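# Tertiary structure, described
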Amino acid sequence: MTQYLESDCANFKAEDIEYASRIIINNGIVIFPTETVYGIGANALSDSACQKIFKAKGRPPDNPLIVHVSSVQEVEKYAHTSSIANFGALSKLWPGPLTIILPSTELISNVARAGLDTVAIRMPDCNLALELIRKSGVPIAAPSANISTKPSITDSEHLRRNFDGKVDVIFNGGRTKFGIESTVIYPQGDTCVIMRPGIYTEEYCKVIFKHVIFSEDQAENPKSPGTKYRHYSPEKNLYVPETQQEFLRICRKNPKEFTPICSYETGQLLKNVNAIILGNRENPYEIASNLYESLIKFDQQPGDQGIIEPFCGNGIYLSIMNRIKKAAISVKDGEL
Ligand code: TXA
Ligand code: MG
């Protein structure tokens, strides 16, 4: 049976943390909030505990998990840090939405690492999560708490529907702060490669690294295995055109055929009452925080298919487009 606990990142009860930490120590599974998305967590030192995460999510076993720690110092216990020239500067970004891939020690479960000799580590910026890790006394392996291939969950109201009876504890912590996942980086001395763009942009990475480069998703042998899989996709077909103009053209041509998902400003141009609004076009944090929520809403509304507005730009816009491109089917100009 799943136990539901009413605590969130800022306001949490000591007895809830105590209860959930005992579950972690006994190799059970706990869904908890972070500042990005909900995580489905287990003891990162235990193969059998980590196996339960893969089962509950339906996650391919070759896609490794992110290990969450509660301090910068802990990293040295679980990973080798010499691949970061300026390791000391990490405390300027942590706790925060940055995940670092490092050579692992043997302590971290081989199941969590999917057999790789590296481990992805991050310190989340959510006091509930940090307290849970501290109280458990072990690092917590936690991928995003969604069924594999589906949108990540950023509001606890969707957790019961997806995970009731499949996990031991669910924290009902409301909405998460950022709404898209951490930035995953691969450090090599004074250079870092962004494997998955996220909430921390290139500028943040420059606090630690002299050079920042982006990895293209690689079809074969990718360094970040998760990038080769289908991700974040709603049940219904969702299309993404190349430009805002093309988005408007398609919506106007077929007003009844597609549910539009777009910024407030683009929605104003459409005057379509069924449009799902992501937020203000000038505020990428707002768009990011509503993105997965909007994909879930789209699945729950009537209508067979949808179309989502593309965003251009750097920084968070780039991370938003990374998620949209994985969630939706790309269409060329004139194709719809
Ligand atoms: O914000 C986040 O990062 C959230 C919260 C819960 O912390 N977690 C999350 O986990 O997004 P997940 O499993 O959905 O995404 C982890 C990504 C995947 O693309 C995975 O392949 C990659 O990190 N990854 C994990 N371990 C890795 C490793 N050792 N080497 C390369 N990539 C790794
Ligand atoms: Mg995920």
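Computed from a predicted structure; not experimentally measured.

### Re the packing of helix α9 (residues 284–300) against helix α10 (residues 316–327)
How two helices sit against one another is set out by the angle between their axes and by the gap between those axes. Viewed as axis vectors pointing N to C, α9 and α10 meet at an angle of 15°, and their least axial separation amounts to 9 Å. Between α9 and α10, the angle falls in the class roughly parallel. Crossing handedness for the pair α9 and α10: left-handed. Only I316, Y317, I320, R323, I324 and A327 of α10 make contact with α9, whose side of the interface consists of P284, Y285, I287, A288, L291, Y292 and L295. Tallied by class, residues from the contact of α9 with α10 come to twelve nonpolar, no polar and one charged.

### Topic: helix α2 (residues 47–57)
Given 3.6 residues per turn, any residue in an α-helix points the same way as the ones three and four places further on. Those residues of α2 lying buried are A49, C50, I53, F54, A56 and K57. If you follow the buried residues of α2, they end up packed against β3 (39–43), β7 (140–141) and α5 (159–163). Once α2 finishes, G58 follows within two positions and takes phi at roughly 70°, a positive value.

### A short note on α9
End to end, α9 covers 24 Å across 17 residues, agreeing with the expected 24 Å (1.5 Å per residue, within 8%). Taken as a whole, α9 carries its principal kink of about 40° at L291. Burial analysis of α9 places twelve of its 17 residues in the buried class, which makes it a mostly covered element. Every buried residue of α9 is listed here: P284, I287, A288, S289, N290, L291, Y292, E293, S294, L295, I296 and F298. Looking at the buried positions of α9, the neighbouring elements they touch are α5, β12 (237–240), β13 (258–262), β14 (276–277), β15 (305–308) and α10.

### Quick notes on the packing of helix α1 (residues 14–25) against helix α4 (residues 127–136)
Between α1 and α4, whose axes approach to 9 Å, the crossing angle comes to 55°. In terms of axis orientation, α1 runs oblique to α4. Judged by the twist between their axes, the crossing of α1 over α4 is right-handed. Here I17, E18, A20, S21, I24 and I25 of α1 come into contact with α4, specifically with L128, E131, L132, K135 and S136.

### Quick look at the packing of aromatic side chains
What the rule picks out here adds up to five aromatic pairs. For the pair Y232 and Y292, a centre-to-centre distance of 5.4 Å together with 35° between the ring planes defines the contact as tilted. Of this pair, Y232 sits in the loop between β11 (211–214) and β12 while Y292 sits in helix α9, placing them 60 residues apart in sequence. Their ring planes at 25° and their centres at 6.5 Å tell us that F311 and Y317 sit as a pair that is stacked. In this structure, R160 is placed above the aromatic ring of Y4, and the distance from its NZ or CZ to the ring centre is 4.0 Å.

### Some thoughts on the sheet that holds strand β6 (residues 118–122)
Sheet architecture is open: eleven strands sit in the order β1-β8-β2-β3-β7-β4-β6-β5-β9-β10-β11, paired in mixed fashion. Each edge of the open sheet carries a strand with a single partner, namely β1 (3–5) and β11. Note that strand β4 (residues 66–68) and β6 share three bridges and pair parallel. Within β6, the position partnered with V67 by the bridge is I121. Relative to the sheet, α1 contacts β1, β2 (30–32), β3, β7 and β8 (169–171), its axis offset from that of β8 by approximately 140°. Where α4 meets the sheet, its contacts fall on β2, β4, β7 and β8, and the angle it forms with β2 comes to roughly 150°.

Conventions adopted
Throughout this document, residue positions are counted from 1 along each chain, in the order its sequence is written. In the order they appear in the text, chains get letters beginning with A and ligands get numbers beginning with 1. Totals for whole chains, interfaces and linings use every residue, but because this is a predicted model, local features are given only for residues with pLDDT of at least 70 and side-chain atom pairs only at 80 or more, for both listing and counting. Heavy atoms throughout the structure, all of them, feed into the side-chain values; hydrogens and water do not. Interaxial angles span 0 to 180 degrees and are taken between N-to-C directions of axes, which are lines fitted to C-alpha atoms, for helices over the stretch in contact. Helix and strand labels come from DSSP, where a helix needs a run of H or I of at least four residues and a strand needs a run of E of at least two; each type is numbered from the N terminus. Should an angle lie under 35 degrees it is considered roughly parallel, over 145 roughly antiparallel, and from 65 to 115 roughly perpendicular; all remaining angles are considered oblique. The hand of a helix crossing depends on one turn: near helix anticlockwise from the far one by less than a right angle means left-handed, and clockwise means right-handed. By the convention used here, residues are in contact when the closest approach between their heavy atoms is within 4.5 Å. For this scheme, ten residues count as nonpolar: Ala, Val, Leu, Ile, Met, Phe, Trp, Tyr, Cys and Pro. Four count as charged, namely Asp, Glu, Lys and Arg, and the remainder, Gly too, count as polar. Any residue under 20% of the maximum accessible area for its type is buried, any over 50% is exposed, and the rest in between are partly exposed; the area is computed with a 1.4 Å probe on protein chains only. What a helix is expected to span follows from its residue count: subtract one and scale by 1.5 Å. The seven residues ending at a residue and the seven starting there each receive a fitted axis; the angle between those axes is the bend at that residue. Aromatic pairing here means that ring centres of Phe, Tyr or Trp (its six-membered ring) are within 6.5 Å. Orientation follows from the plane angle: under 30 degrees is stacked, over 60 is edge-to-face, and everything else is tilted. Remark: a charge is flagged as sitting over a ring if the NZ atom of Lys or the CZ atom of Arg is within 6 Å of the ring centre and within 35 degrees of the ring normal. Should DSSP find at least two bridges between two strands, the strands are regarded as paired.

So far we have only geometry, and geometry alone does not tell us how the molecule works.
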